[in-house]
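# Chain and residue survey
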Amino acid sequence: MKLHEYPFLVQSEILHNIDYQDLFLLSFVSNKMKNLIKSSQNNRFKNIRSISYNCYGNRRPIVDILLENGQKEDLLAVTKRQLQKFETFRHKPDYFQLNVFGKLIDFTLYKDYIYGYKGHTVATFNPHESASVIESIHNYILNFLGDSVEYYWRTSDHVMNIPKLQNVSACMKMWYILSVTDDLNDFFSAAPDFKSISIKTTRPRELVRPDSKFYHAESIDTFQTHITFPDIFHHFQGKRAFITCMDCEMFHLIDFVNRWKSGEAFQKLELLSVEVYDGIPQEEVLNDIGAKHIVASKTPPTHAVPKM
Amino acid sequence: MSSTEQGTSSAAPAEPTTAPESAAAPEVPESFYYVHGKDKVVHKVSAGALQHSALIHGMISNLGYTEEQAKANPFPFENIDGDILQMVVDWCNQHKGKPTPPEDTNLPKQKEKLFDLVLAVNYLEIKELLTYCCKQVAMMVKGKSPEEIREIWMIPTDAEDEAAEKEAKKRAGKEAAGETAAAAGDAK
């Protein structure tokens, strides 16, 4: 069977029935094949909403594709290569090497590899190679699927450093931070700027230093149960802040809003949402920030925040 | 099952056997047409079954044959192997007047047969069958490495593509030179 002998429309229909992870592998067969995929599947690629490098639970990333209709497809997993002595008799992987954007990377095909991974394509790396392997894979995907797609690096931990990749926005959702041991300062200083951060912690002290990149995130959503007035009120540089506290000194909040209104600080801030468990004395706050009244019928502006 | 007969290359085909009638017989007598492939075996197919093929349906509409004329002039598809045309006719008969299911598991498993079937179905413009065939071809490479895919679909390497391109250019150059020389000869 010679695929190249089929008319273009038939080739296109066949490729249309191949899922993304197999298309990804097929693109390595030849340059001509890669170009055929790109030209014939152009419209299909327009239905990709985003590509995510999901790095949950201290694992290396699983790359998935989110389509416009909300469906998700796993593209590949990237993981450390197992030492030969740990390869089981049941599964001795066959590796094949691919030239991925100028770097030779060993791949293998698994049926059931990682919990939560529904694919079969796994790219492996040797110790100390992870950054270059991930960078090559990303550059290849960027070239293959195009830069009109949104790319995200999503993490739920601060163990693996986030690589600086072209066109990739970093997002963090961290709901378990150990009180004493976890130090986020080094992590944020090595990370690229964040698109969004969602953090929930019971730690009785601030998460990061005042000059941390943490405060440069475009959107922050925090729930710091044991801090009455989180530092985010002082240092935030981003566009949207969603802050939840157990209790809060109102003069801090009023001061924050007045500085924002006057343009003295928080020039980029577009939306602030504050929720205090002990309640906010509405009259007092509205008077002190100079808000005359609230029009109950008016719909507040909505902001799209990347889904985690 | 379609009815077939061993035809000859002569203009008038022998009387084909009649296809078994479907359980629900149509009220209006159905018209039949005749097709043959490379092997000249003539297949008698109802107009209802042939509606799956946009190409044949168009031919029927344009020609306006009577039953007798249709019998005397089977549609020739010399580019389609007999066994492949038989598969197509069977499929059209099985799916006559029925909504097509989302999957078809009766397609050939052998690579070469499937390859020929795709070409035939594409030529005859049978959209639903083409979709099934393409799905089946696509399934062949599921979970396969690039080298395995290359082998299954016989995809040339970059080096082979380059060599073929060079060869094609060389050939085109020679042909152009030949045409120029012939034109010069004519001018003399």
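Residues numbered from 1 in each chain as written. Chains lettered and ligands numbered in written order. Predicted model: local features only at pLDDT ≥ 70, side-chain atom pairs only at ≥ 80, totals over all residues. Heavy atoms only, no water.

### Thoughts on the interface of chain A and chain B
- Contacts between chain A and chain B engage 26 residues on the former and 29 residues on the latter.
- For the chain A and chain B pair, buried surface summed over both sides reaches about 2,400 Å², with 70% attributable to carbon and sulfur atoms.
- Of all residues in chain A, the largest losses of buried area upon contact with chain B belong to Met1, Tyr6 and Val29 of chain A, amounting jointly to 31% of the total for that side.
- Along the contact surface separating chain A from chain B lie three salt bridges.
- Asp161 of chain B is the salt-bridge partner of Lys32 of chain A, the closest N and O atoms lying 4.0 Å from each other.
- Broken down by class, the residue content of the side of chain A that touches chain B amounts to 15 nonpolar, five polar and six charged. (Contact = heavy atoms within 4.5 Å. Buried area = accessible area lost by both parts, 1.4 Å probe. Salt bridge = Lys/Arg side-chain N within 4 Å of Asp/Glu carboxyl O. Nonpolar A, V, L, I, M, F, W, Y, C, P; charged D, E, K, R; others polar.)

### Re the sheet that holds strand β3 (residues 72–80) of chain A
Residues and elements named next belong to chain A.
- Pairing is mixed across the open sheet formed by 12 strands, whose spatial order is β4-β5-β6-β3-β2-β1-β7-β8-β9-β10-β11-β12. Pairing within the sheet leaves two strands with one partner each, and these edge strands are β4 (95–100) and β12 (271–276). Ignoring strand direction, the axes of neighbouring strands in this sheet form an average angle of 20°.
- Of the strand pairs in this sheet, strand β1 (residues 48–55) and strand β2 (residues 62–67) are connected by six bridges, and their pairing is antiparallel. Among the inter-strand pairings, Tyr53 is bridged to a residue of β2, identified as Val63. (Pairing = 2+ DSSP bridges. Helix = DSSP H or I, 4+ residues; strand = E, 2+ residues; numbered from the N terminus. Axes fitted to C-alpha atoms, helices over the stretch in contact; angles between N-to-C directions.)

### Quick notes on the UniProt feature "domain: F-box" (unreviewed entry) in chain A
- Look at the UniProt record and you will see "domain: F-box" (unreviewed entry) annotated at residues 1–48 of chain A.
- When the span residues 1–48 of chain A is considered, its composition is 62% helix and 2% strand, and the gap between its end C-alpha atoms is 31 Å. (UniProt positions renumbered as here; feature names shortened; annotations may be inferred.)

### Here's the deal with the nonpolar core
- Ile14, Leu26, Leu76, Ile141 and Phe194 of chain A together with Trp153 of chain B are the most contacted members of the largest nonpolar core, which has 135 residues in total.
- In terms of residues, this core owes the most to one element, helix α5 (residues 130–145) of chain A, which gives eight residues.
- Each of domain 1 (1–156) and domain 2 (175–308) of chain A contributes no fewer than three residues to this core.
- Apart from residues no more than four positions distant in its own chain, Leu76 of chain A is found in contact with Phe24, Pro61, Ile62, Val63, Phe107, Tyr117, Thr121, Ala123, Ile137 and Ile141 of chain A. (Core = buried A, V, L, I, M, F, W, Y, C linked by side-chain atoms within 4.5 Å. Buried < 20%, exposed > 50% of the residue type's maximum accessible area, 1.4 Å probe, protein only. Domains from an automatic or database assignment.)

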